[in-house]
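Chains, contacts and geometry: an overview
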Amino acid sequence: MADPMKDAAAVDMAWFDTFIDKLMTASPEVRPPRDPYAALINVNISLEEVATVTRRGVASFKEQKPLLRINRAHLPLHIVGDMHGQFRELRIILSRCGDPANHSYLFLGDYVDRGVQGVETVLLVMALKIRYPDRVFMLRGNHEDCNTATAYGFYDECLAKFAPNGEAAWTHFVSVFNWMPLCAYVGEKILAMHGGISPHISSLEAIENLPRPSIIPPYGLMCDLVWADPDNKYPGWALSARGISYTFDDNLIKSFCDNFKIDLIVRAHQINNEMKGGYKFFADGRLVSIFSAPNYLNMKNDACVIRVNRDLLCRFVVFRPKMGKSFAGNKSTRVASAEASVGEA
Ligand SMILES: [Mn+2]
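Residues numbered from 1 in each chain as written. Predicted model: local features only at pLDDT ≥ 70, side-chain atom pairs only at ≥ 80, totals over all residues.

Some thoughts on the overall build of the protein chain
The condition that has to hold: Helix and strand labels come from DSSP, where a helix needs a run of H or I of at least four residues and a strand needs a run of E of at least two; each type is numbered from the N terminus. Any residue whose C-beta has 12 or fewer other C-beta atoms within 10 Å is treated as exposed, any with 20 or more as buried, and any in between as partly exposed, C-beta atoms being built from the backbone. By definition, residues are in contact whenever their C-beta atoms, placed on the basis of the backbone, come within 7 Å of each other.
Of regular secondary structure, the protein chain possesses eleven helices and 15 strands. Within the protein chain, buried positions represent 46% of all 345 residues. By sequence separation, contacts in the protein chain at least 24 residues apart represent 69% of the contacts at least 6 residues apart.

Here it is, written out as structure tokens:
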């Protein structure tokens, strides 16, 4: 006899398969002049689709704690940093690193803002997370927040793409942002988050017990996890020039890793011209910053993804920007990729 619950779940997953396929196969379109929010890849997303994915997203995040414990059975794992609405580049990363149906991913947040396809980017990652809950893990960045995303483009993108229902779409997104996990503990050796460590991490349970749903508060543990940066300009904890949270130096990174018996901290949140290959190490290799959006804001920067193998060895998959229209929409030539074996986790 048919199990109605099982049938409903199968129909549900079929819906997500169709939605993922639609996002992965949509064709590039020529961007009309003077429309900064026109999609670079033509995906028409309805308010109903936003409602379905975000509602299921909330339910899916509610099943997880704010600290994700990702065990070794999930290795190998690809760790992806900031995407900032660069939907084409997200599709390239997924094509290059492997189908999430049988390859694991951990995303470190900042899906939206700055780039023009935050809607498509965050919906694709979230749909994959819902469809493959044991393979795709998703953390919150500082841009997955109502205060930040109103200032840096995502709110305006919602208004433009879903007019006259932009506010409704925006509200759906904010409701799911407030439930996203903030930190991942991988193989009991790697700690990953969007921003950095915090003077308020007394134990991993402190992260596990963070209250949700919540906006990102202006102070405290949740704030630091998505906003803090490593920096040796000032000793110890120093107020960040961002105007929120702290910077922390190499000594703090080393003592944190020793106290928590962590080999490596992986975080995102920054790109600058010191980050050749899209990454930079701190504290003698105890912390690495990664950034996964190549040519971010036309900076011509490299980007990378970390591949953690079954022995917790880390490699970088590097994506280099290529300019010009000859590569538009062509997955194989849009980015050059290279691998460099660097350090151990
Ligand atoms: Mn960030």
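With respect to the environment of Gly277
As for its placement among the helices and strands, Gly277 is situated in the loop between strand E10 (264-267) and strand E11 (279-282). On the basis of neighbour counts, which here come to 19 C-beta atoms within 10 Å, the residue Gly277 falls in the partly exposed class.

What to know about the sheet that holds strand E7 (residues 229-230)
Our working definition: In this scheme, strands are said to pair when DSSP sees at least two bridges between them.
The strand order across the open sheet formed by three strands is E7-E9-E8, and the pairing between neighbours is mixed. Here the strands that pair on one side only, and so sit at the sheet edges, are E7 and strand E8 (237-239). Pairing between E8 and strand E9 (residues 246-248): three bridges, direction antiparallel. Bridge pairing links Ala238 to Thr247 in E9.

Observations regarding the environment of Thr247
Mapped onto the fold, Thr247 is located in strand E9. The spacing of Thr247 and Ser198 is 49 residues in sequence and 9.2 Å in space, taken between C-alpha atoms. Those residues in contact with Thr247 that lie beyond four places of it in its chain are Asp229, Pro230, Asp231, Tyr234, Ala238 and Ser240.

Details of the sheet that holds strand E6 (residues 190-193)
Just so we agree on the cut-off: Only the stretch in contact is used when fitting a helix axis, every axis being a line fitted to C-alpha atoms; angles between N-to-C directions are given from 0 to 180 degrees.
Overall, mixed pairing links the six strands, which are arranged E1-E5-E6-E10-E12-E11 in an open sheet. Of all strands in the sheet, those bounded by a partner on one side alone are strand E1 (67-70) and E11. Pairs of neighbouring strands in the sheet enclose a mean axial angle of 20°, with direction left out of account. Here four bridges tie E6 to E10, and the two strands are oriented parallel to one another. Its bridge partner lying in E10, Ile190 is registered against Leu264.

With respect to the packing of helix H2 (residues 47-62) against helix H7 (residues 166-177)
The cut-off we apply is this: Any angle that falls under 35 degrees is termed roughly parallel, while one over 145 is termed roughly antiparallel, one within 65 to 115 roughly perpendicular, and all others oblique. Note: crossing handedness is left-handed where the near helix turns anticlockwise from the far helix by less than a right angle, and right-handed where it turns clockwise.
Closest axis-to-axis distance for the H2/H7 pair is 9 Å, and the angle between their directions is 15°. With respect to H7, the axis of H2 lies roughly parallel. Here H2 runs over H7; the crossing is left-handed. Two secondary-structure elements touch here, H2 through Leu47, Val50, Ala51, Thr54, Gly57 and Val58 and H7 through Ala168, Ala169, His172, Phe173, Ser175 and Val176.

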